[in-house]
Amino acid sequence: MSVTHPSGFTAAGVAAGLKSTGAKDLALVVNQGPTYDSATVFTANRCKANPVLWSQEVVKDGTVKAVVLNSGGANCYTGPEGFQTTHAVAEKVAEGLGIGAVDVVVCSTGLIGLANDRDDLLAGVEVATAALSADGGAAAAEAIMTTDSVSKNTVVEGAGWSIGGMAKGAGMLAPQLATMLVVITTDAVVPAADLDAALRAATRVSFDRLDSDGCMSTNDTVTVMASGASGITPTPEDFTAALTQACTDLAMQLLKDAEGADHEIAITTLHAASEEEAVEVSRSVARSNLFKAAVFGNDPNWGRVLASIGTTQARFDPADLDVAMNGVWVCRQSTPAEDPASVDLTGREVSVTIDLKSGDARATVWTNDLTHAYVHENSAYSS
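Residues numbered from 1 in each chain as written. Predicted model: local features only at pLDDT ≥ 70, side-chain atom pairs only at ≥ 80, totals over all residues. Heavy atoms only, no water.

## Focus: the packing of aromatic side chains
The following threshold applies: Centre distance within 6.5 Å is the pairing criterion for rings of Phe, Tyr and Trp, where only the six-membered ring of Trp is used; planes under 30 degrees apart are then read as stacked, over 60 as edge-to-face, and the remainder as tilted. When the NZ atom of lysine or the CZ atom of arginine is within 6 Å of a ring's centre and also within 35 degrees of its normal, the charge is said to sit over that ring.
Tallied over the full model, the rule gives 2 aromatic pairs. The ring of tyrosine 36 has lysine 65 lying over it, and the distance from NZ or CZ to the ring centre is 4.8 Å.

## Brief notes about the pairing of strand β7 (residues 162-168)
Using the following cut-off: Relative accessibility under 20% of the residue-type maximum defines a buried residue, over 50% an exposed one, and the middle range a partly exposed one, all with a 1.4 Å probe and only protein chains included. Strands are runs of DSSP state E lasting at least 2 residues, helices are runs of H or I lasting at least 4, and numbering of each runs from the N terminus. Each pair of strands is called paired provided DSSP finds at least two bridges between the two strands.
In terms of residue burial, β7 counts as a mostly covered element, since 7 of its 7 residues are buried. Burial along β7 is two-sided: Ser162, Gly164, Met166 and Lys168 facing one way and Ile163, Gly165 and Ala167 facing the other are all buried. Where strand β6 (residues 152-157) lies against β7, 6 bridges are found, and the strand directions are antiparallel. Each bridged residue has a counterpart across the sheet, and for lysine 152 the counterpart in β7 is alanine 167. Here 6 bridges tie β7 to strand β8 (residues 181-186), and the two strands are oriented antiparallel to one another. Of the residues in β8, the one forming a bridge with alanine 167 is valine 182.

## With respect to the nonpolar core
The cut-off we apply is this: Side-chain atoms within 4.5 Å link the members of a nonpolar core, which is a set of buried Ala, Val, Leu, Ile, Met, Phe, Trp, Tyr and Cys residues. It only takes one pair of heavy atoms within 4.5 Å for two residues to be counted as in contact.
Ranked by internal contacts, the top residues of the largest apolar core, which has 42 residues, are Leu26, Val67, Val68, Leu69, Met166 and Val183. If you tally residues by element for this core, the top one is strand β2 (residues 26-31), at 5 residues. Aside from chain neighbours lying at most four places away, what touches valine 67 is Ala27, Leu28, Val29, Val105, Cys107, Val183, Thr223 and Met225. Counting residues in hydrophobic clusters, the runner-up holds 31 residues, among them Val156, Val190, Cys247 and Met252.

## Things to note about helix α9 (residues 302-309)
Stated precisely, the cut-off is as follows: Think of the arc as the fan of directions from the helix axis to the C-beta atoms.
What α9 keeps buried is the set Trp302, Val305, Leu306, Ser308 and Ile309. Seen end-on, α9 carries its buried residues on one side only, within an arc spanning 160 degrees. Structurally, α9 contributes buried residues whose contacts are with α7 (275-286), α8 (289-296), β11 (322-325), β12 (328-332), β13 (335-336) and β14 (349-355).

## Quick look at the environment of alanine 273
The residue alanine 273 is located in the loop between β10 (264-272) and α7 in this model. Sequence spacing of alanine 273 and arginine 315 is 42 residues, and the spatial spacing of their C-alpha atoms is 6.5 Å.

## Considerations on the sheet that holds β11
Heads up, the rule is: Each axis is a line fitted through C-alpha atoms, taken for helices only over the stretch in contact, and angles between the N-to-C directions span 0 to 180 degrees.
Taken in spatial order, the 6 strands of this open sheet run β13-β12-β11-β14-β10-β15, and their pairing is mixed. Taken across any chain shown, the strands that pair with only one partner, and hence form the sheet edges, are β13 and β15 (361-368). As paired elements, β10 and β15 share 7 bridges and run antiparallel to each other. Residue pairing in the sheet places glutamate 264 in a bridge with asparagine 368 of β15. The sheet strands contacting α7 are β10, β14 and β15, and the helix crosses β15 at an angle near 25 degrees. The strands touched by α8 within the sheet are β10, β11, β14 and β15, with β10 carrying the most contacts at an inclination of about 125 degrees.

Spatial relationships are all this shows, so hold off on functional conclusions.
Here it is, written out as structure tokens:
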């Protein structure tokens, strides 16, 4: 269950000394080939971290041979020295692997404004390079954790080929990826252009619809690398379906580990005039602190759902909306229906269904409740 499950990949996770706890904080994932096709999507935040600025140039030719990631500091808004540190890390990885720095994606996560110690990073890269193995995926996933309580890994099997993945993220989970770092590997033969199309299709319905707290990170990066080691070329449809399954699995793991959350909430909008409008409506509810606080208190307050729907530009009749919570239709035609007291919100999983009665499109957005623990976590955050 890791990035080294597909053939053609090695990985390592080591302690470089960036975390005061002494825990693992540097990961390296290497594509051993024979092909090096890749695709990457980044945060849509205009305020981007140095590793994102570097990696955006790296991925332009569709070739990535290694991804190096550190936790313990985001290397964002750390001035020219911060960018030079990112460059130096890429050069150190390249030196150890005998490749070019232009083929090394760099990722960082942690506190914004914290300058990572360059000497510690470079020494950590040396240790990680020496520790690379086909069994190193689990250690790599552990090394990218910040406020995560567990590491996140996934494997999807194809017909003679497979996909592996790892992710980190427990806060700042919002659209245009959802702080979130993801590395996905496959031993299928997939050209870079097809990887890019598949990745964008997969993230559109997985990470992009994860909206835990409405906060968008400066560092979000999702990279997929194809080694071609299986020698098998799946159809674009089969590969996209498998990649979507992997991304959705990782997204749900991120949701379940969201900072301080007591509930995982799936908000599905039905019969919208377009998929975009369905997403807009579901996301408006997902971002309502009033609604999220109500769920924390086990209160099926459907009025807060209707109020959120009304803030959107979606097409619907405000006098003819239906809302269900955990399968109980508490609102029909925008009026009270079944007894809200029959809605059981004591379990972690909560479903909200909204019927706009305006078309055939649907979409689901996932979020969490707003808890005391979330506020506490983010009032005293350390990397």
